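Architecture at a glance
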Amino acid sequence: MGRGHKSVTIREVAEDAGVSLQTVSRVINDGPNVRPQMRDKVQASIDRLGYVPSIAAQRMSGSRSYIILAINDRERTLADWRERQGTDWVDQMLLGGILTCSKHGYRMLVELVDTHIDHVERELGATISALQPDGVILTPPHSENKLITDLLEHRGIPFARIGSKEDGAGIPLTMGDEGAAYDATKRLIDLGHTQIGIIAGPEQYSLSGWRVDGWQRALADHGLSCDGLNERGDFGYESGTQAARALLDRNPDMTAIIGSSDQMTLAALGVARDRGLHVPRDLSIISFDNTPIVRFSQPPLTAIDQPIAQTVSIAVERLITLKGKPHDDGVINVAAGLVERASIGPAPSGV
């Protein structure tokens, strides 16, 4: 019979079972050298008292902390939260991570780290020392910051690198960026579009280049030119406005744009409206990310849906089940999907 809301301690379990604290700890942590009879006896006390292992109790074994730490970009995350722009990267990351951690009896914690500072190793090193995580998930651009990956490798902490294909330590995972850009471009080509522009993301993100590669490959496969149809932004709204204006100024016959983030694509939609262009009759638009806000634009944006929750879930699963063994499966690629809404249509006739 449980004790209601009163917190049961590991010491009470030990006293109830008539065993040492270390024995209870080994049972909780599924450790070795515990006789089946003793394990059953301790488990019976755990069930009878309604004991829920704490992280501190689980750490008594000294082998695991039962914590998976996710590192996200501080500057961009805080900007998104403060501006309340409808981005849900962190939400999706938590959805995939927390559910998978919980299934294995782990906790997921999130830390915001500024990847651009010179003392990133000191900042992250202090966090690692305090939390002693069993694994770390790095998101872009941290996943390709050598200062961070070298620190984790040196400390022997397993880690996953989302948005990275580079050789080296850690588990590399991608979210189908090149394939998704290819499919989006091909969808527009199938609708009759021959001049398709792209607003690329910043160069510090490898995924920006992969998306451009997919767009370029689709155009080349169908005998279409990409000359003058590529402008770069920083994922933010203002940069999207400048890029869309430059593309339309340079290519008055352009009939479609793919944006490498929802904010840049929403900016392109605003530029089209300012110029009296109807979407999708005059200009078709496709976005990357598929954050909640794009469903409520006018018209709602067709978007490449990034499998963030699924990717983080796979990363957590690998970190927990590998238990320090090397990852030998190469890059894990989780395919993205295309969600069609009202922002794309047939190419204007006569173009």
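In this text, all values refer to a predicted model and were calculated from it rather than measured experimentally.

Moving on: the pairing of strand S6 (residues 196-200). S6 sits mainly inside the fold: five of its five residues count as buried. Burial along S6 is two-sided: the residues Ile-196, Ile-198 and Ala-200 and Gly-197 and Ile-199 are all buried. By the bridge criterion, four bridges tie S6 to strand S8 (residues 256-259) in an arrangement that is parallel. Bridge pairing in S8 places Ile-198 opposite Ile-258.

A word on the pattern of salt bridges. If you walk through the whole model with that rule in mind, you get eleven salt bridges. Here Lys-103 makes a salt bridge to Glu-317, at a shortest N to O gap of 3.3 Å. Highlighted residues: Lys-103 in helix H6 (residues 89-103) and Glu-317 in helix H13 (residues 308-322), separated in sequence by 214 residues. Overall, the relative accessible area of 24% leaves Glu-317 in the partly exposed class. A salt bridge links Arg-250 to Glu-231, with the shortest nitrogen-to-oxygen separation between them at 2.9 Å. Of this pair, Arg-250 sits in helix H11 (residues 237-250) while Glu-231 is found in strand S7 (residues 230-232), placing the two residues 19 residues apart along the sequence.

Let us look at the sheet that holds strand S12 (residues 337-339). Here we have six strands laid out as an open sheet, ordered S7-S6-S8-S9-S10-S12, and mixed in their pairing. The sheet is open, and its two borders are formed by S7 and S12, each paired with just one other strand. Averaged over all pairs of adjacent strands, the angle between their axes in this sheet comes to 20°, without regard to strand direction. Direction of pairing for strand S10 (residues 302-305) relative to S12: antiparallel, over a ladder of three bridges. Bridge pairing links Ala-303 to Val-339 in S12. Sitting on the sheet, helix H9 (residues 177-190) is in contact with S6, S8, strand S9 (284-289), S10 and S12, with an inclination near 165° to S9. Taken strand by strand, H11 contacts S6 and S7, and its axis lies near 160° from that of S7.

Let us look at the side chain of Gln-263. Mapped onto the elements, Gln-263 comes out in helix H12 (residues 262-274). Beyond its immediate chain neighbours, meaning those up to four positions away, Gln-263 contacts Gln-85, Phe-235, Gly-236 and Tyr-237.

Moving on: the environment of Trp-89. With respect to the helices and strands, the residue Trp-89 is situated in helix H6. Taking C-alpha positions, Trp-89 is 30 Å from Cys-226, a pair spaced 137 residues apart along the chain. Apart from the residues lying within four places of it in its own chain, the contact partners of Trp-89 are Asn-72, Thr-139, Pro-140, Met-175 and Ile-308. One polar contact links Trp-89 to Asn-72, side chain to side chain, over a distance of 2.9 Å.

Counting through the fold element by element, Arg-48 comes out in helix H3 (residues 36-49). On the basis of relative accessible area, Arg-48 is assigned to the partly exposed category, the value being 39%. Separated by 32 residues in the primary sequence, Arg-48 and Asp-16 place their C-alpha atoms 9.5 Å from one another. Engagement of the side chain of Arg-48 in a polar contact is seen with the side chain of Asp-16, the distance being 2.3 Å.

With that settled, consider the environment of Ile-157. With respect to the helices, strands and loops of the structure, Ile-157 is situated in the loop between helix H8 (146-155) and strand S4 (159-162). Residue classification places Ile-157 among the buried residues on the basis of a relative accessible area of 12%. Spatially, the C-alpha atoms of Ile-157 and Val-113 are 17 Å apart, while their sequence positions differ by 44 residues. Leaving out residues up to four positions away in the same chain, Ile-157 has contacts with Ile-128, Pro-133, Gly-135, Val-136 and Leu-152.

Right, let's get into the side chain of Thr-241. By the secondary structure assignment, Thr-241 is in helix H11. Those residues in contact with Thr-241, other than ones at most four positions away along the chain, are Ala-267 and Val-271.

So, about the sheet that holds strand S11 (residues 332-333). On the basis of which strands lie adjacent, the open sheet formed by six strands has the order S2-S1-S3-S4-S5-S11 and parallel pairing. For this open sheet the edge positions go to strand S2 (107-113) and S11, each flanked by a neighbour on one side alone. Sheet analysis places strand S3 (residues 135-138) next to S4, joined by three bridges and oriented parallel. The residue of S4 that forms the bridge with Leu-138 is Arg-161. Across the sheet, helix H7 (residues 120-131) is in contact with strand S1 (67-73), S2 and S3; its angle to S2 comes to roughly 160°.

Analysis parameters
Residues numbered from 1 in each chain as written. Predicted model: local features only at pLDDT ≥ 70, side-chain atom pairs only at ≥ 80, totals over all residues. Heavy atoms only, no water. Buried < 20%, exposed > 50% of the residue type's maximum accessible area, 1.4 Å probe, protein only. Helix = DSSP H or I, 4+ residues; strand = E, 2+ residues; numbered from the N terminus. Pairing = 2+ DSSP bridges. Salt bridge = Lys/Arg side-chain N within 4 Å of Asp/Glu carboxyl O. Axes fitted to C-alpha atoms, helices over the stretch in contact; angles between N-to-C directions. Contact = heavy atoms within 4.5 Å. Polar contact = N/O pair within 3.5 Å; in protein donor to acceptor, adjacent residues only side chain to side chain.

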